[in-house]
Amino acid sequence: MPSRTGGDNAYGHDGRRSPAMVSVDCPAKTNLTLEVGPSHAKWGGRHELDTIYCALDLTDTVTACEKPAGSGFSLDLAGEHLGDLASSSSDMRRNHAVLALFAMAEEAGREPDVALTIDKRIPVGAGLAGGSADAAATILALNALWELDWPLDRLRKVAATLGADMPFCVAGGYARGTGYGEVITPILPGSDEERALRDAGYAGAVLVGAYQAQLSTPEVYAAFDAVGAGEGDRNHLQQAAISLHPRSGRAVEEALAAGASHAFVSGSGPSVVAFTPTPAIRHDVLAAWERSKAVDRIIAAQAPAVPTVSVTVAR
Ligand SMILES: C[C@](O)(CO)[C@H](O)COP(=O)(O)OP(=O)(O)OC[C@H]1O[C@@H](n2ccc(N)nc2=O)[C@H](O)[C@@H]1O
Ligand SMILES: Nc1ncnc2c1ncn2[C@@H]1O[C@H](COP(=O)(O)OP(=O)(O)OP(=O)(O)O)[C@@H](O)[C@H]1O
């Protein structure tokens, strides 16, 4: 579940002040397992999935503020690594955060008069669901800004109209995803399944190996249709991603050789995630990647993580 600061009494009932600004830190995701089945026309050609999602505390921050009635939306992007979002041809109206604003406005019967800012830290086009995290953050921010107080299920329904990963990103943590990835069964803290994931080493410190290069998710699924899953791969898209971006394969091998308890291509790639159970192993994975230049950038994170919602009330 998303956590919330600003105090339960800050807004929401008669006599209390309304939110003026809402900021949401939304985690990136990876897939601890990703089984890919056949594609279906009814899902626009998307493939059947059975996956265990895991959120990482590598976050983007989305801030939403009310604008004057009739003034429309605005979007500001900040960050050192904006990938293809930085290009002048990048259309703001196709940004996942803006699509989420439109979807929420329609569902709530409101005008999208909102100023959005995104502080981007999640690498773009990296298999880390950065765009989905921004959309999920926007949905959570508007739920608070507009004092909708919709339950998670309703927020997830809006998210599912926008993309496969988005319903997971709304609450993060660990969860099983089925359907085309949008049917979410949470794996709750303290449950047997959660303990099993932790015992298997899927918790704690991770290193994310990131790249300047992006991979297109549809192209990776198309490559999967051609090459299939690699033998023994828990991520069925790994072989396809590596066929398009061989450096990811080298980074996985080096992390495993350096002692990572798990190392794999994240989702559709090209990023690589390595679980590092001890400081010594973490040091060795870092050293291996730095020496070989198998990745362009190394980001430290923790797993799992949940979104946080911070509300500032009007003065
Ligand atoms: C690779 C993953 O990140 C793993 O969690 C997701 O499956 C992709 O999630 P996403 O980027 O939110 O995907 P969407 O935006 O819904 O779909 C983008 C494209 O990816 C492919 N796609 C996506 C999901 C899915 N179950 N099967 C697919 O084949 C389709 O070509 C689709 O047109
Ligand atoms: N807010 C956003 N952040 C990142 N990418 C965005 C955003 N809005 C639109 N996009 C577009 O979406 C494409 C995929 O970006 P994203 O970072 O979500 O990839 P990804 O992590 O590989 O996605 P996934 O793992 O969910 O398939 C990019 O080419 C980018 O232009």
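Residues numbered from 1 in each chain as written. Chains lettered and ligands numbered in written order. Predicted model: local features only at pLDDT ≥ 70, side-chain atom pairs only at ≥ 80, totals over all residues. Heavy atoms only, no water.

**Q** Just to check I follow, could you spell out the site of ligand 1 for this structure?
**A** Lining the immediate environment of ligand 1, one finds 17 residues, of which Arg-46, His-47, Ala-164, Asp-165 and Tyr-221 sit closest. Asp-165 places a polar side-chain atom, nitrogen or oxygen, 2.6 Å from an oxygen atom of ligand 1. Residue Tyr-221 places a side-chain N or O atom 2.6 Å away from an oxygen atom belonging to ligand 1. Look at ligand 1: alone it shows 630 Å² of surface, and the protein chains cover 82% of it. (Near = heavy atom within 4 Å. Polar contact = N/O pair within 3.5 Å; in protein donor to acceptor, adjacent residues only side chain to side chain. Areas by Shrake-Rupley, 256 points an atom, 1.4 Å probe, with all protein chains shown as cover.)

**Q** Explain the environment of Asp-153 to me, please; I cannot follow it from the model alone.
**A** Assignment of secondary structure puts Asp-153 in helix α3 (residues 152–160). Overall, Asp-153 belongs to the exposed group, its relative accessible area being 56%. Sequence separation of Asp-153 and Val-170 is 17 residues, and the distance between their C-alpha atoms is 9.7 Å. (Helix = DSSP H or I, 4+ residues; strand = E, 2+ residues; numbered from the N terminus. Buried < 20%, exposed > 50% of the residue type's maximum accessible area, 1.4 Å probe, protein only.)

**Q** What am I meant to see in the domain arrangement of the chain here?
**A** A common way to express how large an interface is: the accessible area buried when the components associate. Domain assignment breaks the chain into domain 1 (3–189) and domain 2 (201–303). The C-alpha-based centres of domain 1 and domain 2 are spaced at 24 Å. Residue-level contacts link 25 residues of domain 1 with 28 residues of domain 2. Inspection of the domain 1/domain 2 interface yields zero salt bridges. Taken together, the links from domain 1 to domain 2 amount to 13 residue pairs in polar contact (both at pLDDT 80 or more). At the level of elements, β2 (19–39) and β3 (47–66) are the ones that each hand at least two residues to the side of domain 1 that touches domain 2. Per-element tally for the side of domain 1 that touches domain 2: the top contributor is β2, with eight residues. When its residues are assigned to classes, the side of domain 1 that touches domain 2 shows 13 nonpolar, eight polar and four charged. (Domains from an automatic or database assignment. Contact = heavy atoms within 4.5 Å. Salt bridge = Lys/Arg side-chain N within 4 Å of Asp/Glu carboxyl O. Nonpolar A, V, L, I, M, F, W, Y, C, P; charged D, E, K, R; others polar.)

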